Amino acid sequence: MTPPITPIALNAYDDSAGVARALAAHVAEALRRRIARDGTASLAVSGGRTPLVFFETLSGAPIDWSRVAVTLVDERWVPETSDRSNAALVRHHLLKGPAAAARFVPLYTGAATPEDGLAEAAGRVAALPSPFAAVVLGMGDDGHTASFFPGAETLAAAIDPATPEILAAVRADAAGEPRITFTLPRLVSADTLVLHVEGMTKRAVLERACAGGPVEELPIRSVLRARAPLDVMWCP
């Protein structure tokens, strides 16, 4: 009998600094491998507060950053002058030191709505080296990842494994602002895909997701089903 697929491969660390060091080394190696093979590489990272130590650590990695393109897994539809901007976080915490030589491709275009800016944003990211060399996902306490929120109007389309779309506009009560996100197949096709979560609350949410149930309840399940076992880096 074939054993069931394990949903995750959990790598546990003592603290945020330990996760950041391990994750930065893992991502740096993925970028180096792709650069050695293709001459260029692309990286998609998540926003929020959790990855800041990781960003600071990765920014000093000895990589030929001039051959790397960096973008976001998803973005709130706000300008970089907003304290809610993921792009502003990346510019401040990641794109400095050696990593300042990387090319940054933001998702926010300045259009009035993400729906209005979707075509321009898709055109920007279509030129990125594909698939991603590395994607680093986060997860909220509600089980959302990227901007795949429970109750989002466009959730089904954004997580459709067969969608030809690169990006999706997202509106959900829990999201706050309207958002734009890479679709599921663009994220899970990465050479290296890692879920970075911290804290016991998020670990409990992840364990619930692994136990099965509807994707609409905990959208992280869409990633677990598409990329098993999913590499997870976690600390209490």
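An unreviewed UniProt entry lists the protein under the name 6-phosphogluconolactonase, with Xanthobacter flavus as the source organism. In its Function (unreviewed entry) section, UniProt records this for the protein: "Hydrolysis of 6-phosphogluconolactone to 6-phosphogluconate." UniProt, in the comment section headed Catalytic activity (unreviewed entry), describes the protein in these words: "6-phospho-D-glucono-1,5-lactone + H2O = 6-phospho-D-gluconate + H(+)".

## Notes on the packing of aromatic side chains
All told, the structure shown has three aromatic pairs when counted by the stated rule. The interplanar angle of 45 degrees and the centroid separation of 5.7 Å between the aromatic rings of Phe 54 and Phe 55 together place this pair among those described as tilted. Accessibility assignment for this pair places Phe 54 and Phe 55 in one class, buried. Both rings, one in Phe 132 and one in Phe 182, keep their centres 5.3 Å apart while their planes meet at 80 degrees; by these two values the pair is edge-to-face. Of this pair, Phe 132 sits in the loop between α4 (114-126) and β6 (134-137) while Phe 182 sits in strand β8 (residues 179-182), placing them 50 residues apart in sequence.

## Describing the pattern of salt bridges
For the structure on display, the rule yields 15 salt bridges. Across the pair Arg 34 and Asp 38 runs a salt bridge, and its minimum N-O distance is 3.6 Å. With Arg 34 and Asp 38 both in helix α1 (residues 16-38), this residue pair falls four residues apart, about one helical turn. Residue classification places Asp 38 among the partly exposed positions, given a relative accessible area of 41%. Residue Arg 67 pairs with Asp 64 through a salt bridge whose shortest N-O separation is 3.0 Å. For Asp 64, a relative accessible area of 36% corresponds to the partly exposed category. Linked through salt bridges whose partners overlap, the residues forming this network are Arg 34, Arg 37, Asp 38 and Asp 191.

## Concerning the nonpolar core
Phe 54, Leu 58, Trp 65 and Val 70 are the most contacted members of the largest nonpolar core, which has 84 residues in total. With ten residues, α1 is the single largest residue contributor to this core. Here Val 70 is in contact with Leu 43, Trp 65, Val 90, Leu 94, Leu 95, Ala 102, Arg 103, Phe 104 and Val 105, once residues within four sequence places are set aside.

## Let's talk about the pairing of strand β9 (residues 192-198)
For β9, a buried count of seven out of seven residues is recorded, marking the element as mostly surrounded by other parts of the structure. Side chains Thr 192, Val 194, His 196 and Glu 198 of β9 all project onto a buried face; the interleaved residues Leu 193, Leu 195 and Val 197 project onto the opposite face, where all are buried too. Note: β6 against β9, four bridges, orientation parallel. Bridged to Val 136 within β9 is Val 194. Relative to strand β10 (residues 230-235), β9 runs parallel, the two sharing five bridges. Within β10, the position partnered with His 196 by the bridge is Met 233.

What counts and how
- Residues numbered from 1 in each chain as written.
- Predicted model: local features only at pLDDT ≥ 70, side-chain atom pairs only at ≥ 80, totals over all residues.
- Heavy atoms only, no water.
- UniProt positions renumbered as here; feature names shortened; annotations may be inferred.
- Phe/Tyr/Trp six-rings, centres within 6.5 Å; stacked < 30°, edge-to-face > 60°.
- Buried < 20%, exposed > 50% of the residue type's maximum accessible area, 1.4 Å probe, protein only.
- Helix = DSSP H or I, 4+ residues; strand = E, 2+ residues; numbered from the N terminus.
- Salt bridge = Lys/Arg side-chain N within 4 Å of Asp/Glu carboxyl O.
- Core = buried A, V, L, I, M, F, W, Y, C linked by side-chain atoms within 4.5 Å.
- Contact = heavy atoms within 4.5 Å.
- Pairing = 2+ DSSP bridges.

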